[in-house]
Amino acid sequence: MPAPATEQVQLGESLQRTLAAPILADRNLPPFRRSTRDGFAVTAESIATGSVTIIGTIRAGEIWPADREPLAANQAVAIMTGAPVPPGANSVLMSEHSVRNQNTLSLAPNRSLAAGENIVPEGAEALAGATLVPAGTRISAAEIALAAACGHITPVVYARPRVAILSTGDELVPPHSHPGAAQIRNSNAPALAAMISAHAALPIAQQILPDSLDAIVAALQSAHASDANLLLLSGGVSVGDYDLVEAALSQLNAEFFFTGVNMQPGRPVVFGRIPPSHTSPRTLYFFGLPGNPVSVHVCYLLFVAPFLAALSGGAAAPPRFALATLAEEIRVRPGTQKFLPAYFSFDFESPTARLVPWQGSGDLSANARANAYLALPPDCTTLPAGAVVRLLLR
Ligand code: AMP
Ligand code: MG
């Protein structure tokens, strides 16, 4: 895939964006020999053999003047965490390990101090010019901290993917309207918009389409002609008489990478791209997601999110799994790989998981009570409480 365009953004606006240029150390990190303790800068060898004299204090932000004599072996200075260790000293005795009598300092009983202790040498974390964060990294709070530490206040990032969301189904009405007896409100489009926004992608055009081949083809053509990079369709990819999405995609010469996955929910999911044509010079990637809301969520986590990371200029980001212990026995019918709505306790002591009771993949309410999906292999039938299971995290 071609690299996306790049832009510069304010650091505070860069969360979840993908770096297009590396973040380099603008100077050595730490920039000076940094004390990691509140205590006393000393010579380890001399405090080991007797007491030394405290001659002053260095606070964080203060520096030992360049024209001042280095600390002598029989001298100490009080020093604060984060302050530069003065020349002459080779270690920091932490306050808790010291005995101070006015200006006389010695080791507390049964304590020792090694040369280098409680000091991070200049440049030990990174040397000036070193790559701290490579291009292609998705920016989290940790990268924002590093960038700030190095003065990179306007990082270069890749353009946000622009995602068109088409919801197919004769029964659908927008969330703000009052549904008729057999109608339902479109919940997939807002869910997808929320999920892609969390990955810093931009939801553009959202549209409800009837189960009509002509209407779907027309909407595909206009999405293809737009500046969308990715098209997320929901509904209409199963084997029902009115499931027309694949046929419509075929009319635009779509290339299908896959047209189903042996899993449940989500089996009918399709993935591919619409190639450039005489009406559009662009390649438009698409996912045809099943209509059921739980299928949409599972397929998003397994397929769309990893692809979106690649579309954002990074590497494909694999779905995140965790191991947990089953809180109670489960019984399922064997046959397919399953991803069932589950609740993961995230406990410190005993991270456990249990299935959330559900009425199948249309059960929005069960999906909201879940915070993960229990991944069960095709041959699984019964698992006892205490079994170790794999969870797809969301
Ligand atoms: P389909 O994949 O079109 O066969 O739809 C499967 C189920 O998902 C049906 O019960 C649809 O009513 C429901 N569904 C389809 N699209 C949506 C949507 N956008 N929001 C909520 N439910 C939907
Ligand atoms: Mg449908």
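Residues numbered from 1 in each chain as written. Chains lettered and ligands numbered in written order. Predicted model: local features only at pLDDT ≥ 70, side-chain atom pairs only at ≥ 80, totals over all residues. Heavy atoms only, no water.

1. Focus: the sheet that holds strand β18 (residues 255-258)
Applicable threshold: For two strands to count as paired, DSSP must find a minimum of two bridges between them. Runs of E in the DSSP output that reach at least two residues are strands. Runs of H or I that reach at least four are helices, and both are numbered from the N terminus. In this description, a line fitted to the C-alpha atoms serves as the axis of each element, helices being fitted only across the stretch in contact, and the angle between N-to-C directions of two axes falls anywhere from 0 to 180 degrees. Should any heavy atoms of two residues lie within 4.5 Å, those residues are counted as being in contact.
Strand order in this open sheet of six strands is β16-β13-β17-β21-β20-β18, and the pairing throughout is mixed. The two strands at the open ends of the sheet, each matched to only one other strand, are β16 (202-209) and β18. Going across the sheet, the axis of each strand differs from the next one's by a mean of 20 degrees, ignoring polarity. The sheet contact formed by strand β17 (residues 230-234) and strand β21 (residues 284-289) spans five bridges and is parallel. Paired with S234 across the bridge in β21 is L289. Packed on one face of the sheet, helix α6 (residues 293-311) meets β13 (162-168), β17, β18, β20 (270-274) and β21 and runs near 170 degrees to β21.

2. Remarks on the site of ligand 1
Defined as follows: The nearness test applies per residue and asks whether one of its heavy atoms lies within 4 Å of the molecule or strand. Here a polar contact means two N or O atoms within 3.5 Å. Within protein one must be a hydrogen donor candidate and the other an acceptor candidate, and residues neighboring in sequence count only if both atoms are side-chain atoms. The Shrake-Rupley method, run with a 1.4 Å probe sphere, supplies the accessible areas, and residue values consider only the shown protein chains as cover. Amino acids outside the nonpolar list (Ala, Val, Leu, Ile, Met, Phe, Trp, Tyr, Cys, Pro) and the charged list (Asp, Glu, Lys, Arg) are all regarded as polar, and Gly is one of them.
Near ligand 1 there are 16 residues, and of these E171, N186, N188, G236 and G291 occur at the shortest range. Contact distances for ligand 1 include 3.3 Å between a nitrogen atom and a side-chain N or O atom of N188. Residue G291 places a main-chain N or O atom 2.9 Å away from an oxygen atom belonging to ligand 1. Within the complex, 78% of the 480 Å² of free accessible area of ligand 1 lies under protein. Broken down by secondary-structure element, the contributors of at least two residues to the shell around ligand 1 are β13 and β15 (184-185). A class-by-class count of the residues in the shell around ligand 1 yields three nonpolar, ten polar and three charged.

3. A few points about the domain arrangement of the chain
For clarity, the threshold we go by: Segmentation of the chain into domains, including their bounds, is taken from an automatic or database domain assignment.
On domain assignment, one finds that the chain holds domain 1 (6-21 + 134-158), domain 2 (34-120), domain 3 (162-311) and domain 4 (321-393). For domain 1 versus domain 2, the distance between C-alpha centres works out to 38 Å.

4. Comments concerning empty space enclosed by the protein
To keep things clear, this is the line we draw: Of the two site types, the cavity is a set of points on a 1 Å grid over the protein atoms alone where a 1.4 Å probe fits but cannot get out, and the pocket is an open set with protein on both sides within 12 Å along at least five of seven lines, each lined by residues with an atom within 4 Å of a point. Grid points are joined across faces, edges and corners, and a volume is the space filled by probe spheres set on the points.
Tallying each qualifying case throughout the model produces one cavity of 30 Å³ or more. Empty space within the largest cavity amounts to approximately 50 Å³. Every residue lining the largest cavity is listed: Q16, R17, T18, Y158, A159, R160, P161, H199, A200 and S312. Among the residues forming the lining of the largest cavity, the class breakdown is four nonpolar, four polar and two charged.

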